[in-house]
Amino acid sequence: MVSYILRRNHWGETATKYVLAGIESVVPDVKIINKDTEAVPVGDWCIRWATTSSIPGNPKIINKAAAIHKVYDKGVFRKLLADQGLTSKTTINTHPTDDMYPVIIRPAHHGQSLDLYVSSSEQETIKAIKEIHKEYDSYYCSEFIDKDHEYRVFVVSGRVVSVREKVPEDKNAASWGCVGAGLFEYVKWGKWPIDVVKKACKSMELSGLDFGAVDVIMWNNTAYVLEINTGPDLSAYDGWQLGLGIAHILKTGSRDFIQPGSKNSPYSYIHPCLTTAV
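First things first, this report covers the structure right here in the doc. Here the structure is a predicted model, which is why all the values come from computation and not from measurement. (Residues numbered from 1 in each chain as written. Predicted model: local features only at pLDDT ≥ 70, side-chain atom pairs only at ≥ 80, totals over all residues. Heavy atoms only, no water.)

1. A closer look at unusual backbone geometry
Alright, step 1. The step from Tyr 101 to Pro 102 runs through a cis peptide bond, and the omega angle for that step is -5°.
Alright, step 2. The topology assignment puts Pro 102 in the loop between strand S5 (90-92) and strand S6 (103-107).
Alright, step 3. Of note in this structure, His 10 is not a glycine but carries a positive phi near 65°.
Alright, step 4. Look at His 10 and you get exposed, because its relative accessible area is 74%.
Alright, step 5. Of note, Ala 50 is a non-glycine position whose phi angle comes to about 55°, a positive value.
Alright, step 6. Within the element layout of this structure, Ala 50 appears in the loop between strand S3 (45-48) and strand S4 (60-62). (Helix = DSSP H or I, 4+ residues; strand = E, 2+ residues; numbered from the N terminus. Buried < 20%, exposed > 50% of the residue type's maximum accessible area, 1.4 Å probe, protein only.)

What follows is the structure in structure tokens.
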């Protein structure tokens, strides 16, 4: 069986190595292919790492291009999440309603904590949109949630393989990116906030993705999904865990979404590659 992780140049070089280590602990002979510098083989399985480029042959795909495109337009996907009750009120290319203020305003495509504006009035909204339109055509507005926790939830096939809590240097900041500063602390299985993992898994089902890193904030024990990352920065441990989940797909040959267990418990959302106690 020929299987490979497909990545693009300057993206995911270290992260995909961490994921590969987890995969190869279960399924051997999986390769990493840089689509920009190497010939892409005709394979049995292609694992897309934040790339939607054309590939030869007719392999089975883990993270289809259509699903990656769906979450890449962060405005459209955030609105879809809002319509399903998974995040706060959101508008696309439309000023927020009065009951939404204060709001976050961002371009439809953005990365990390860049191009983020907080508005408390119509006047501030007009100013923010004007700035965004200097570089971008589309924007979205989301009701600002004064979070008290933020998590990154790694999900494969609708089940959780790892959860990290973001610990920023400045808790008063609008964005807790924690890429350049701050920490990602490991959260034990039994400590996973149930509303966080539940909504993370529901958002993954909505996206059509096989794996992803779901950013979720919490305020007063209610979770709000922000976005899904298809080529996330991650630690060696989280990469290994993600790799175990992907190896489960390769080993079983099934991309089916695994529904949660019957109990309203974090343990109902643990991926079966990690435990049989579900």
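The rest of the description comes next.
2. Some points on the packing of aromatic side chains
Alright, step 1. Tallied over the full model, the rule gives two aromatic pairs.
Alright, step 2. Between the aromatic rings of Trp 49 and Phe 211, the centroid separation amounts to 5.7 Å while the plane-to-plane angle is 25°, which identifies the pairing as stacked. One end of the pair, Trp 49, is in the loop between S3 and S4; the other, Phe 211, is in strand S12 (residues 211-219), and 162 residues separate them in sequence. Neither Trp 49 nor Phe 211 differs from the other in exposure class; each is buried.
Alright, step 3. Here the aromatic rings of Tyr 186 and Tyr 237 are separated by 5.3 Å at their centres, their planes lie at 80°, and the arrangement is edge-to-face. Taken together, the residues Tyr 186 in strand S11 (residues 183-186) and Tyr 237 in helix H6 (residues 236-252) connect sequence positions 51 residues apart.
Alright, step 4. For Tyr 186, a relative accessible area of 39% translates into the label partly exposed.
Alright, step 5. Geometry around Trp 11 places Arg 8 over its ring, the cationic atom sitting 4.6 Å from the centre. (Phe/Tyr/Trp six-rings, centres within 6.5 Å; stacked < 30°, edge-to-face > 60°. Lys NZ or Arg CZ within 6 Å of the ring centre and 35° of its normal.)

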